[in-house]
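Close look at the chain arrangement
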Amino acid sequence: MNPGDIPATSERPDKSVGLSAAEAATRLARVGPNRIVEDRKSPLRKFAGYFWGPIPWMIEAAAVLSGLARHWEDFAIVMAMLLINAGVGFFQEFKADNAIQALKKRLALRARVLRDGAWGDIEADSVVPGDIVMVRLGNIVPADLELFGEGFASVDESALTGESLPVSKQEGDALYSGSIVRTGEMRGFVTATGAQTYFGRTAQLVQKAGTRSHFQKAVLRIGNFLILVTCVLVAIVLMVSLFRKEPLIDALMFALILTVAAIPVALPAVLSVTMAVGASTLAHLKAIVSRLVSIEELAGIDVLCSDKTGTLTQNKLTAGEPYLGGAKDAAELYLWAALASRSDDGDPIDSAILAAVGERGDCRLLHFQPFDPVHKRTLAEFERDGERWSAVKGAPQVVLDLAKPDDEARSVVEHQVTKLAEGGYRTLGVGRRREDGPWEFLGLITMFDPPREDAAETIRTAASMGLQIRMITGDHIAIAREIADKLSLAGPVVAADQVFTPDGKLGDAARLDEAVVFAQVFPEHKYAIVEELQRRGHIVGMTGDGVNDAPALKQADVGVAVSGATDAARAAADLVLTAPGLNVITRAVEEARRIFERMTSYSVFRISETIRVLLFMSASILFFGFYPVTAVMIVLLAILNDVPIMMIAYDNARVDERPVRWNMSRVLTLSSVLGVMGVFSSFGAFWIARDYLQLPEQTVQTVVFLKLLVAGHLTIFLTRNRGAIWQRPWPSWRLVAATETTQLIGTLAAVYGWFVEPIGWGLAAAVWGYALAWLLVNNVVKVGVLRMLEQGTDVQARHLDRVARPLRD
């Protein structure tokens, strides 16, 4: 017997005896415990992973060279930055890696099982296929069951399937693990346990899900680019040094200086701090970020998939507009429906009706018959104003059978029931009678799960920001269509079987592109939809609240768990909303795009500075045989350039109207141009100091150091916006204060000779004037390059539009 198979009749025990303890132990050894098995990496392995990759390799190489050259100050600084980068990333990721643990917590802790002819409570993980289990009001179902015997159960499966209404179960029906029994009591054979259950397959999808973020890919590409440039230049300089028969230690020393200069030591840290500050901002908006890189992903999502139940709707049954029969008005109809309801059963339909009525008046209950799937009605007998009355509510055809209207009247009511069902409403008939008189049909009450108050506005706002909205729900297609209409979601509505084959594989791919609403889906369908959209180049966001949403939330580039979500959904999500409402999602997207702009501007700054220093130093040694800066100066530049620039996390930034992505060709082109311009200006300062002013070698090195520092800091004001440096948005006071403070420290070091040869205030002022003049030149170059890149993008877009137009037509 395979773990997931329904036990054959011959393997099922006697219904009055159950399995023997010995047989249960044998099956437990064969199929394993009734729990989710996972493959978890140890925290130590996860932490070690942050020391593997292009940028960590560069930092580690610099540390090794520092140790070989016995430059222990450099070694300490480089190792500190390596550990800081790893620590920030590990801390943020460790907090979010617990989706499987939350799924485990949802499983029932105990189960009532029949073994050796006696009922007893056992640990849920000891339940095996073939066991006979009893479930009753309030129980979490411990395994997949096939029900048998008399009785019924009303079960809440909303967290598993997305169905907003409770589901009635009777003999022969399947009951899924993780669902909650709301009313009734039944017994069932266990058909699947652990990972083979419906719930377990959902957990396996969560474990399987996950993608590498575009942020990680961008940092990897930046690292690869800088490694390539560094290796080429170091190789060239080393070959020239050996050709010139220079001492090996000098060549290694240069390799150390060049490597330290090339490493964007603070790049991961600055980007992480930028996102961490953004996460703090989002927390004030009642959105908790559990995976730091998801902030960058949030800025780029162009498709937002949303679960319906509990996300776009309130997951709370509400009484809708009634259809009146014999009742004089809606108030009378709902009053009699309330008289046939009971509050202490916890039934969601009764709760919705009672909430709509409030007081039921003065009456004494004589008898109450709860709902069951055989009679399909609730019946109450009571005494009111000295008279004996009966009230009934239930399936419309059942109440009609009691009232026995004429054929024409019955036909009108049945037509109304069909019409309401097509609109996604669940209908209940209501009737009454006095003493033993005839039943009177009072009318139909409608039940539905209403949209959240801000859902429609959020969808409109998201669409205006360039997001395509897709609704994905386990509900019936009629209900999905009705909710889509209420939310103004225009477009095709398709059922899962129109898109997927019976074995769950994607069938009609064209439907996936066209559909706006997907109905009657299972968790694996939601997961597959998100995965396929990603495969087609979309950055996908997914919102949800239930266990059935967890795999898709984990797979999505940005998973958003709404307020009131299950533990499993919150653990699988990247963004957890802690307050009701969805409008925080669009505000979070806006903030994420602002953060993305800051990260892009810093990346351009860091790459351009690396190119400038690398090329300038290499060319100086190759063509002039001169070391333009010392090792100490390089370390000072690394500290003064990067650490205070973390204040870019607080800078003012523009917000794009459309989704944004890393455009590495734009980033590298602009960085390279600015870097080359920096090389020209650096050689200009070098020529003036060495050949025109005839300054001593050490003084020339200090002049070059100060020029690299001042001009480097000014570059951040070039890269932080897309227009001229004086155009909005203006820099924040924190960025200005941090930048000018480090420039002042570097100037004082150059003037008074802290770790370098002093040059005095006169030369320092000349360097400042020279750097400011080049700032204006670079500003003109930057604006021109960006215009050329934007024109090229527009031409490409127009070409693609011409190619695609015949296909659209």
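Described below are features of the structure shown in this document. (Residues numbered from 1 in each chain as written. Predicted model: local features only at pLDDT ≥ 70, side-chain atom pairs only at ≥ 80, totals over all residues. Heavy atoms only, no water.)

Regarding the overall build of the protein chain
Of the regular secondary structure elements, the protein chain holds 28 helices and 23 strands. Out of the 809 residues belonging to the protein chain, those deemed buried represent 55%. For the protein chain, the proportion of contacts with a sequence separation of at least 24, taken over those separated by at least 6, is 72%. Total accessible area on the protein chain stands at roughly 34,800 Å², and carbon and sulfur atoms take up 57% of it. (Helix = DSSP H or I, 4+ residues; strand = E, 2+ residues; numbered from the N terminus. Buried < 20%, exposed > 50% of the residue type's maximum accessible area, 1.4 Å probe, protein only. Contact = heavy atoms within 4.5 Å. Areas by Shrake-Rupley, 256 points an atom, 1.4 Å probe, with all protein chains shown as cover.)

Description of the pattern of salt bridges
Per the counting criterion, the structure on display carries 30 salt bridges. For E381, the salt bridge is made with R388, and the minimal N-O distance between the two is 2.8 Å. A salt bridge links R722 to E597, with the nearest nitrogen and oxygen atoms 3.1 Å apart. With R722 in the loop between α26 (697-719) and α27 (733-752) and E597 in helix α23 (residues 583-624), this residue pair connects regions lying 125 residues apart in the sequence. Taken together, the shared-partner salt bridges connect E590, E591, R594 and R598 into one network. (Salt bridge = Lys/Arg side-chain N within 4 Å of Asp/Glu carboxyl O.)

Some points on the packing of aromatic side chains
Taken as a whole, this structure holds 14 aromatic pairs when the rule is applied. Between the aromatic rings of W336 and F382, the centroid separation amounts to 5.9 Å while the plane-to-plane angle is 40°, which identifies the pairing as tilted. On the criterion of sequence distance, the pair formed by W336 in helix α13 (residues 330-339) and F382 in strand β14 (residues 377-384) is long-range, its members being 46 residues apart. The buried category is assigned to W336, whose relative accessible area is 3%. (Phe/Tyr/Trp six-rings, centres within 6.5 Å; stacked < 30°, edge-to-face > 60°.)

So, the pairing of strand β18 (residues 468-472)
With 4 of its 5 residues buried, β18 lies for the most part within the structure. The sheet contact formed by strand β10 (residues 303-307) and β18 spans 5 bridges and is parallel. Residue pairing in the sheet places L304 in a bridge with I469 of β18. Sheet analysis places β18 next to strand β20 (residues 517-519), joined by 2 bridges and oriented parallel. Opposite I472, over in β20, you have F518 as the bridge partner. (Pairing = 2+ DSSP bridges.)

Some words on the side chain of S732
Here S732 shows up in the loop between α26 and α27. Of note is the side chain of S732, whose polar atom sits 3.3 Å from the backbone oxygen of Y650. Other than its neighbours up to four places away in sequence, S732 contacts Y650, D651 and N652. (Polar contact = N/O pair within 3.5 Å; in protein donor to acceptor, adjacent residues only side chain to side chain.)

What to know about the packing of α23 against α26
Look at α23 against α26: their axes get within 9 Å of each other, and the N-to-C directions meet at 155°. Classified by the interaxial angle, the pair formed by α23 and α26 is roughly antiparallel. Taken as a pair, α23 and α26 cross one another with a handedness that is right-handed. Residues S601, V604, F605, S608, E609, R612 and F616 of α23 form the contact with α26, whose participating residues are V704, K707, L708, A711, G712, T715, I716 and T719. Its residues assigned to classes, the contact of α23 with α26 shows 7 nonpolar, 5 polar and 3 charged. (Axes fitted to C-alpha atoms, helices over the stretch in contact; angles between N-to-C directions. Parallel < 35°, antiparallel > 145°, perpendicular 65-115°, else oblique. Left-handed = near helix turned anticlockwise from the far one by under 90°. Nonpolar A, V, L, I, M, F, W, Y, C, P; charged D, E, K, R; others polar.)

Things to note about the side chain of K526
Within the fold, K526 resides in helix α20 (residues 523-535). A relative accessible area of 0% places K526 in the buried class. Residues contacting K526, with those up to four places away along its chain left out, are D307, I472, V521, M542, N548, D549 and A552.

Brief notes about the environment of T427
If you trace the backbone, T427 turns up in strand β16 (residues 426-434). If near-sequence neighbours (up to four positions away) are discounted, T427 is found in contact with P396, V417, L420, I445 and T446.

Quick look at unusual backbone geometry
Omega for the peptide link from R728 to P729 comes to 0°, which places this bond in the cis form. Along the polypeptide, P729 turns up in the loop between α26 and α27. Despite not being glycine, E435 shows a phi value in the positive range, around 50°. Examined against the element boundaries, E435 turns out to sit in the loop between β16 and β17 (440-448).

Some words on the pairing of strand β22 (residues 558-561)
By the alternation rule, side chains of β22 split into V558 and V560 and G559 and A561, which are all buried. Here strand β21 (residues 540-544) pairs with β22 via 4 bridges, running parallel. Residue M542 lies in a different strand from β22, and its bridge partner there is G559. Crossover handedness for the path β21 to helix α21 (residues 550-555) to β22: right-handed. One ladder, built from 2 bridges, connects β22 with strand β23 (residues 575-577); its direction is parallel. The residue of β23 that forms the bridge with V560 is L575. (Right-handed = clockwise from strand over helix to strand, strands pointing away.)

A short note on the sheet that holds β23
Taken in spatial order, the 8 strands line up as β9-β23-β22-β21-β10-β18-β20-β19 in an open sheet, and their pairing is mixed. Lying at the two open borders of the sheet, with one neighbouring strand each, are β9 (287-289) and β19 (493-495). Between one strand axis and the next, the sheet turns through 20° on average, direction left out of account. Pairing between β19 and β20: 3 bridges, direction parallel. The residue bridging V493 from the neighbouring strand is V517, located in β20. Packed on one face of the sheet, α23 meets β9, β10, β21, β22 and β23 and runs near 140° to β23.

Shape is all these values report; function is a separate question.
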